[in-house]
Amino acid sequence: MSPVRRPLLVRVLPLLLGVLLAGCGAPAPRDAAEGDIREAVAAWSRTPPAQLAGIPLEGWAYEVSAVRRDGERATARAELHYRLTGYDTAPAGSAREVLLSRDGADGGAWRVTGDRAAPGAPPQLWDQGPVQVVKGAHALVLGVGRTPQTLSEVAAEAERAVPAASAAWPKAWAGRVVVLVPGSLERMAQLLGRPAAEYRGMGAVTTGRVGAAAAPADRVVVNPEGWAELSAAGRGVVLTHEVTHVATRAATTARTPLWLSEGFADWAAYRGGATTAQQGAPALGRAVRAGELPAALPADGAFAFGGDPEALARAYEGAWLACRLIAAKWGEATLVRLYERAGREPLATALEETVGGDLPGLTLAWQASLRQELGAP
């Protein structure tokens, strides 16, 4: 319907008034249709969708930031906030698009017809299909397109991983974990918003922000293809490693060197077991026996995925053996203190205050241990 023509003065005065209001910081007025669309989204989002009834949710809310209307159809850009009850100590967030339509040319009620991830934003697990739920004392496992046996196996490993991570990291943390098991490597990559090639061959990864004052809503995401290739012992190591990242998240910052964060997670995973250096570090062992002793502890860039898998393996193995050395030589409590301090002060200061030395000294001790433990049998 085209607007009715009015005298120029009638059109200019509201325009002038709008300019004056804008200059005073007043928000631009919304038309009636936009208000109705926002109200429709608010009404629709008061309760989670019925298909999510098995997932323990709280704080479910859509915060609309923009509305785009095209005739009798509309799209609302919104941020979804929610928590998994008993697991998340901070809200999870997700950029979404809510689709709406209405019947009739004038005055029909707006209704929500769909909901999807916003362009460029990763989907939620339930966008990929019906979600299966396995809940334990320490872990909540959510899966799509997997057999109940697979989810039960993942849940059992997660139940063992949480106490193991807590024993290695005796600091306060939630003590519970959420594990997502998508249907394929490609679906895993979609959840993480990254290319699938980055995760090929991996068993699992952890999401979350580092250095959060309140523990963020971390998720351990399993690669079902990599998981299927692991032995029972390997699955335990992988999940304990990832759960340890969740446990140490609040103490991990941009200052924390990756050799320490990744090495600590592996140390926690192998802690208390019978795995020897040669068994747990085959790639690094081959290099040492070939006369290629690392000149320094692994740099952060050595842990980037998508490159030489042998070099990546050496980085992880070297990091594990560095943390293993610190725990054996100076004590497990010292390793924990080093991790805490390295996240909030320069590494040189953290080392001086914990092991009583510097990085060159630690590197020499690490190199000596590599020669001793990984040399020719």
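Computed from a predicted structure; not experimentally measured.

Rules used in this analysis
- Residues numbered from 1 in each chain as written.
- Predicted model: local features only at pLDDT ≥ 70, side-chain atom pairs only at ≥ 80, totals over all residues.
- Heavy atoms only, no water.
- Pairing = 2+ DSSP bridges.
- Helix = DSSP H or I, 4+ residues; strand = E, 2+ residues; numbered from the N terminus.
- Axes fitted to C-alpha atoms, helices over the stretch in contact; angles between N-to-C directions.
- Contact = heavy atoms within 4.5 Å.
- Parallel < 35°, antiparallel > 145°, perpendicular 65-115°, else oblique.
- Nonpolar A, V, L, I, M, F, W, Y, C, P; charged D, E, K, R; others polar.
- Buried < 20%, exposed > 50% of the residue type's maximum accessible area, 1.4 Å probe, protein only.
- Expected span 1.5 Å × (residues − 1).
- pLDDT = per-residue confidence, 0-100.
- Polar contact = N/O pair within 3.5 Å; in protein donor to acceptor, adjacent residues only side chain to side chain.

Visitor: What should I look at first to understand the sheet that holds strand β2 (residues 73–84) in this one?
Guide: Two pairing modes exist for strands in a sheet, parallel and antiparallel, and in both the strands are linked by backbone hydrogen bonds. Taken in spatial order, the four strands make up an open sheet running β1-β2-β3-β4, and their pairing is antiparallel. Two strands in the sheet have a free side with no partner beyond their single neighbour: β1 (57–70) and β4 (110–117). Each neighbouring strand pair of the sheet contributes to a mean axis angle of 30°, computed without reference to strand direction. Bridge count between β1 and β2: eleven bridges; the pairing is antiparallel. Its bridge partner being in β2, Arg 69 is matched across the sheet by Ala 74. Along the sheet face, helix α2 (residues 32–44) touches β1, β2, β3 (92–102) and β4 and points at about 155° away from the line of β1.

Visitor: What is the right way to read the packing of helix α10 (residues 309–330) against helix α13 (residues 359–374) from this model?
Guide: A pair of packed helices is characterised by two quantities: the angle between their axes and the separation of those axes. Where α10 contacts α13, the two axes come as close as 10 Å, and the packing angle between them is 105°. Judged by the inter-axis angle, α10 sits roughly perpendicular to α13. Residues Gly 318, Leu 321, Ala 322, Arg 324, Leu 325, Ile 326 and Trp 330 of α10 pack against Leu 362, Ala 365, Trp 366, Ser 369, Leu 370, Glu 373 and Leu 374 of α13. For the contact of α10 with α13, the residue count by class is ten nonpolar, two polar and two charged.

Visitor: Can you walk me through the environment of Ala 322 in this structure?
Guide: Structurally, the position occupied by Ala 322 is in helix α10. Classification of Ala 322 by relative accessible area gives buried; the value is 1%. Each C-alpha atom, one on Ala 322 and one on Gln 367, is 9.1 Å from the other, the two residues being 45 residues apart in sequence. Ignoring sequence-local partners within four residues, the contact set of Ala 322 consists of Trp 259, Leu 297 and Trp 366.

Visitor: Even after reading the chapter, I still don't get helix α6 (residues 232–247), so can you show me in this structure?
Guide: At 3.6 residues per turn, the α-helix brings residues three or four places apart onto the same side. The terminal C-alpha atoms of α6 lie 23 Å apart, and with 16 residues this matches the ideal 22 Å at 1.5 Å per residue to within 8%. Burial runs high along α6: 14 of the 16 residues are buried.

Visitor: When you look at the confidence of the model for the protein in this model, what are you seeing that I'm missing?
Guide: Low pLDDT means the predicted coordinates in that region are not meant to be read closely. Taken residue by residue, the protein gives an average pLDDT of 88. The fraction at 70 or more is 88%. Throughout residues 1–29 the model reports pLDDT below 50, and contacts reaching past four residues in sequence, or to other chains, amount to two contacts.

Visitor: Any chance you could explain the side chain of Thr 244 here in plain terms?
Guide: Considering the arrangement of structural elements, one finds Thr 244 in helix α6. Residues in contact with Thr 244, not counting those within four places in the same chain, are Ala 165, Phe 264, Ala 265 and Ala 268.

Visitor: Looking at this structure, how should I read the side chain of Thr 252?
Guide: Within the element layout of this structure, Thr 252 appears in the loop between α6 and α7 (258–270). For Thr 252, a relative accessible area of 9% corresponds to the buried category. For Thr 252, the side chain forms a polar contact with the main-chain oxygen of Thr 248, separated by 2.7 Å.

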